[in-house]
Every structure is written in structure tokens, then in C-alpha cells.
There are 2 protein chains.
Amino acid sequence: MQLTLTAISGILLIKNGDNLSNIIWDALLTNQIQLIDNDIFVITQKVVSKAEGRLVYLSNVQVSKQAKEISKTSNKDPRLIELILRESKEILRVTENHIIVEHRLGFVCANAGIDHSNVSSEHGNPDECFLLLPENPDLSAQKIKKALEEKSGKKIGILIIDSQGRAWRNGIIGTAIGVAGLPALIDLRGKEDLFGFKLRITQVAAADELASAASLLMGQADEKRPVVHVRGFPYHLRDSSIRELNRPKEQDLFR
Amino acid sequence: MQLTLTAISGILLIKNGDNLSNIIWDALLTNQIQLIDNDIFVITQKVVSKAEGRLVYLSNVQVSKQAKEISKTSNKDPRLIELILRESKEILRVTENHIIVEHRLGFVCANAGIDHSNVSSEHGNPDECFLLLPENPDLSAQKIKKALEEKSGKKIGILIIDSQGRAWRNGIIGTAIGVAGLPALIDLRGKEDLFGFKLRITQVAAADELASAASLLMGQADEKRPVVHVRGFPYHLRDSSIRELNRPKEQDLFR
């Protein structure tokens, strides 16, 4: 049983309007990868967001009263705080350096996933240029999946990931934020172990595990490897949504 | 750039006193794997704990006053609660089904990592048989590393993992609990991105990412694949400790 992850080379800086599925398809040729059923592509959110035009300039942001209030506790630019608020359902914690939120997409993350590193300004002041997460990463993944399946004639999965921090543990890890065609969560409820006991562990966040695996190859200091090809994913492909991974607030012990 | 994970076949049920490094070494032959420098083995804690004799029988456990108190809130057997307390520094949350603790090893997890599934009783009632995490997983990893390096003449890494839940997200993922010879945390502080900006993300939990990757191949419903061989880990091997991943309590916003 083997899992092979290959960073696709030759995918350069992505800009607003670029067609990611065409770019990935073309890169497969030079990377000598021939798709087979059950292959998966893991794609960093940054290139998806850029292709979808999710760049925002702080100079265009009007600061609300709530953002001003939060800027008393946070070191962040009030206009950035305003962007974070607009992308969030709820603020969980504010410290000097971190604003932890429930993102409008339903997961908990820092700064609503809004990023500044490796964001080149397409116009205007690069210091004031920030990148939002894709509007709907599940839908972004579905579109790329559909296009690549049409080109290849194979049944594949697409996973869009971000690098996120965790409670309790140092360091960020690759984390699923959008999924199409592969299971986000594997449900083992009712299954028995080797000795006939019901399993203690009943749900496996397979998409998050794959996100972390692919993240190892993408690196953080550049975006030269924004797409990773995966062969040997051990679970059956199926329709899915990132919502499977969001723990409902009322079941969450740590808010 | 490629990362290849291979589940080692033929490693069967492990029992108290088994020599894991010998067992892995012998399995490499039948799996036709020849080690090279920078190869890594990821090993589930369950086989390490079994080899180290960490099975405990509830019938031998004296229940303390604190465990009795907690059993008013929790559905768990008071003797199991007692075991959880003994393996923990601090109780974070108690609900009917979960006891979230800071483990004596410094990380936060459910039920102090004490497991019942796939635990076969070596004597006595199997229903009352539980498996504790290894006494010192970093040390367990170091010993296996040393033995396999002596056999192979190659410089390798060893990662011991468990399946753990997270705040905010459904499902468990493979998580590092012991490490030898590979970096637990990658420090990118001071590094710059493609456009000369200081990176927002400064620390990457590489060992956790690799734990999740390997966990995909191990499955949960059996332990037929407790060891995964890794080739192509993209970071330099170095001495390390799982302590790198434990966020200090005073820096943790979610306790």
C-alpha cells in the first residue's frame, strides 16, 4: 500500500483571471504525469484566490466602528481588522498579534485566513495588498475537478488547502478548506476492531490528513509548488463538502 | 519533488517484550525496501506501547477520590478515569463522553491517549484491558532509530504517532507524540517570501504533517499497517523532541 505525492513543477505566479485547470493540465505534460482514476490534486488556496481575483487593497476599505474597537486590543491595521470582520461569522479571541475567528465558511482560523505573504500587488501599494480565501472553496474545487475530468476522462478529486494554526500545539499545518470528489470525513461508526470491539475512534478527517501530507511538499517561503499530485489515496472517492469537517459550535468544547 | 509513503506489510500483532527494531528490519527484506539516508519510519504508538508492556487491567486499579468525583460527570468507568488522571498533568474539560487533559508528556489530548480498540488481553478479561501511551515516546523513537541506524549504516528518522481529535474540527488525524532524528517544528522566522516580505507563517509543524500523511495508510479499524516507510521528507534531519510542538499553557488561547 503506497501513497505518492508529487509537487507539480512549472506552475508560476498566478494572477486574476488565470484558468487554473488549464494551467494544471498543461503542467502535467511537462511533468510526465498521466492521470488515472482516483488521482487527486491538492492545491494551495493562494493560487485559487489569486485566479479568482480575491486581492483587496486596504486603501479601498472603510473601517467600521467594531473594527476600530478591536484595534484597541490588536496591533493590526484597522482596515485589515475590517476585512477580517467581513470574512467572519464570529470573533473568538483577540490578542495583540492574533484575531481568531469563525470564518464565514464555518471553520475556526486566525485572521480569517487573510494573507499578505507572497501576495504581489497587481496595481497600487504592495504593502496594502491582501488576499482573501476563495469565495466558495468547495465550488472552486468542483469547477477544477469538472474541467480536469473532462480533459482526462478520469475520475479525480480536488482538495484546496490553507496553512492553519491549532489550539494547544505550535506550528501551522496544511488544512482542508475546499473539497470535491474525495471524502472530507471518513465515518467508521459501527465498525469493529480486530477483536470485535466497537472502535473508539469513529471519524477520521481524511481530507485534513491529505492536506497536511501535501503541505509538506509545498513549502511556505514561496509558491513555486502550489499544486501536488496524489496517487494512492486509500479511501473511495465520493461527493463531499468541507462542511463535514466543521464541528458545530454547540459540540465544541473549546470556544 | 516527491514524497513516497509505503505501508510495511507483514508486521503482525505486537506483544510485550517484542523488539520492534528487529521486527521492522526483518520486514524490510520481505518488503524489498533498502534504506537510504534521510528515510523515515512512522510508527503507531499502539505497537510501541504494546512492545513496552503498557497494557493495564482495570481490575488492578484503585480509584482515588478525584476519579470518583469526575465519574459523576463522565460515563467512563471510574477505574479508567483513575488511569487517565495518573497519565495527566491537568484536566481541561469533562463531559459525558470525553475527558480532555494535558497529558504528562505536555500535549493536550482526549482520555490521556488511553486506548481500548485493538487491545488484546494477554491475560485476564479483555473488556478491562487498556493501553497507555509509551512512557517516553521520544526515547522510544531514539532507541529504534539507533538500532536501525546500526543495522543499516544509514541516517534515518523515527516518528511515533497517535490519532488525536482537535478543537473546532470533526474527526481525528495522525499526530506526532515522539520523534527522533527529524525536526518536529520548522522555524522560518526571519525568512522572506517571494516579494521580500517577512513571512506571516513562521513555524511549520512538519512532524505533525508527516504524522497525518502516514496515518492515511495505517487505517483505524485494524493494526495490520502499524509502520510506514517514508522517502523524500523535504526537511533536513536533525535532533528534535516532541516538546517543540507543545504550546506553553500561558501562550495558549484555548484552554
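Residues numbered from 1 in each chain as written. Chains lettered and ligands numbered in written order. Predicted model: local features only at pLDDT ≥ 70, side-chain atom pairs only at ≥ 80, totals over all residues.

The subject of this paragraph is the sheet that holds strand β4 (residues 88-94) of chain A. Residue and element names in this part refer to chain A. Ordered in space as β4-β5-β6, the 3 strands form an open sheet in which the pairing is antiparallel. Each having just a single partner strand, β4 and β6 (108-110) make up the two edges of the open sheet. Put simply, the sheet's adjacent strands are angled 30° from each other on average, direction ignored. Inspection of the sheet shows β4 paired to strand β5 (residues 99-103) by 5 bridges, in the antiparallel sense. Paired with glutamate 90 across the two strands is glutamate 102, which belongs to β5. (Pairing = 2+ DSSP bridges. Helix = DSSP H or I, 4+ residues; strand = E, 2+ residues; numbered from the N terminus. Axes fitted to C-alpha atoms, helices over the stretch in contact; angles between N-to-C directions.)

Residues and elements named next belong to chain B. The backbone of glutamine 32 sits at a positive phi, close to 55°, despite the residue not being glycine. With respect to the element layout, glutamine 32 can be found in the loop between α1 (20-30) and β2 (40-44). The exposure class assigned to glutamine 32 is exposed, which follows from the 6 C-beta atoms found within 10 Å. Positive phi, normally seen in glycine, also occurs at tryptophan 168, with a value near 80°. Tracing the sequence through the fold places tryptophan 168 in the loop between β8 (157-164) and β9 (173-180). (Buried ≥ 20, exposed ≤ 12 C-beta atoms within 10 Å, placed from the backbone.)

This part is about the sheet that holds strand β1 (residues 2-7) of chain B. Spatially, 10 strands are ordered β9(A)-β8(A)-β2(A)-β12(A)-β1(A)-β1(B)-β12(B)-β2(B)-β8(B)-β9(B) in an open sheet, and the strand pairing comes out mixed. At either margin of the open sheet sits one strand with a lone partner, and together these are β9 (173-180) of chain A together with β9 of chain B. Ignoring which end each strand starts from, the neighbouring axes of this sheet average 25° apart. The sheet contact formed by strand β8 (residues 157-164) of chain A and β9(A) spans 7 bridges and is antiparallel. Each bridged residue has a counterpart across the sheet, and for Leu159(A) the counterpart in β9(A) is Val179(A).

This part covers helix α6 (residues 206-218) of chain B. Residues and elements named next belong to chain B. Given a rise of 1.5 Å per residue, 13 residues ought to cover 18 Å, and the 19 Å separating the end C-alpha atoms of α6 matches this to within 8%. Taken across its 13 residues, α6 has 13 buried, putting it largely inside the fold. Phi turns positive one or two residues past the end of α6, at glycine 219, with a value near 70°. (Expected span 1.5 Å × (residues − 1).)

What follows concerns the domain arrangement of chain A. Residue and element names in this part refer to chain A. When its domains are assigned, chain A resolves into domain 1 (4-54 + 134-247) and domain 2 (55-131). Averaged C-alpha coordinates put domain 1 and domain 2 at centres separated by 25 Å. Mapped onto the side of domain 1 that touches domain 2, the elements with two or more residues apiece are α2 (45-51) and β8. Counting residues per element, the side of domain 1 that touches domain 2 draws most heavily on α2, at 3 residues. Its residues assigned to classes, the side of domain 1 that touches domain 2 shows 5 nonpolar, 6 polar and 8 charged. (Domains from an automatic or database assignment. Nonpolar A, V, L, I, M, F, W, Y, C, P; charged D, E, K, R; others polar.)

On to the packing of helix α1 (residues 20-30) of chain A against helix α5 (residues 137-152) of chain A. All names here are of chain A. Here α1 crosses α5 at 40°, and the two axes come no closer than 9 Å. As summarised for this structure, α1 and α5 are arranged oblique, according to the angle between their axes. The interaxial crossing formed by α1 with α5 has right-handed handedness. Contacts between α1 and α5 involve Leu20, Ser21, Ile24 and Trp25 from the former and Ile144, Ala147, Leu148 and Lys151 from the latter. Taken together, the residues of the contact of α1 with α5 sort by class into 6 nonpolar, 1 polar and 1 charged. (Parallel < 35°, antiparallel > 145°, perpendicular 65-115°, else oblique. Left-handed = near helix turned anticlockwise from the far one by under 90°. Contact = placed C-beta atoms within 7 Å.)

Another point: the packing of helix α6 (residues 206-218) of chain A against α6(B). In a packed pair of helices, the relevant descriptors are the angle between the two axes and the axis-to-axis distance. The N-to-C vectors of α6(A) and α6(B) enclose an angle of 125°; their axes lie 7 Å apart at closest approach. Overall, the two elements α6(A) and α6(B) adopt an arrangement that is oblique. At the point where α6(A) passes α6(B), the crossing takes the left-handed sense. For the pair α6(A) and α6(B), the contacting residues are Ala206(A), Asp208(A), Glu209(A), Leu210(A), Ser212(A), Ala213(A), Ser215(A) and Leu216(A) in the first and Ala206(B), Asp208(B), Glu209(B), Leu210(B), Ser212(B), Ala213(B), Ser215(B) and Leu216(B) in the second.

Attention shifts here to the environment of Glu135(B). Residues and elements named next belong to chain B. By secondary structure assignment, the location of glutamate 135 is in the loop between β7 (129-131) and α5 (137-152). We classify glutamate 135 as partly exposed; it has 14 C-beta atoms within 10 Å. The spacing of glutamate 135 and lysine 76 is 59 residues in sequence and 23 Å in space, taken between C-alpha atoms.

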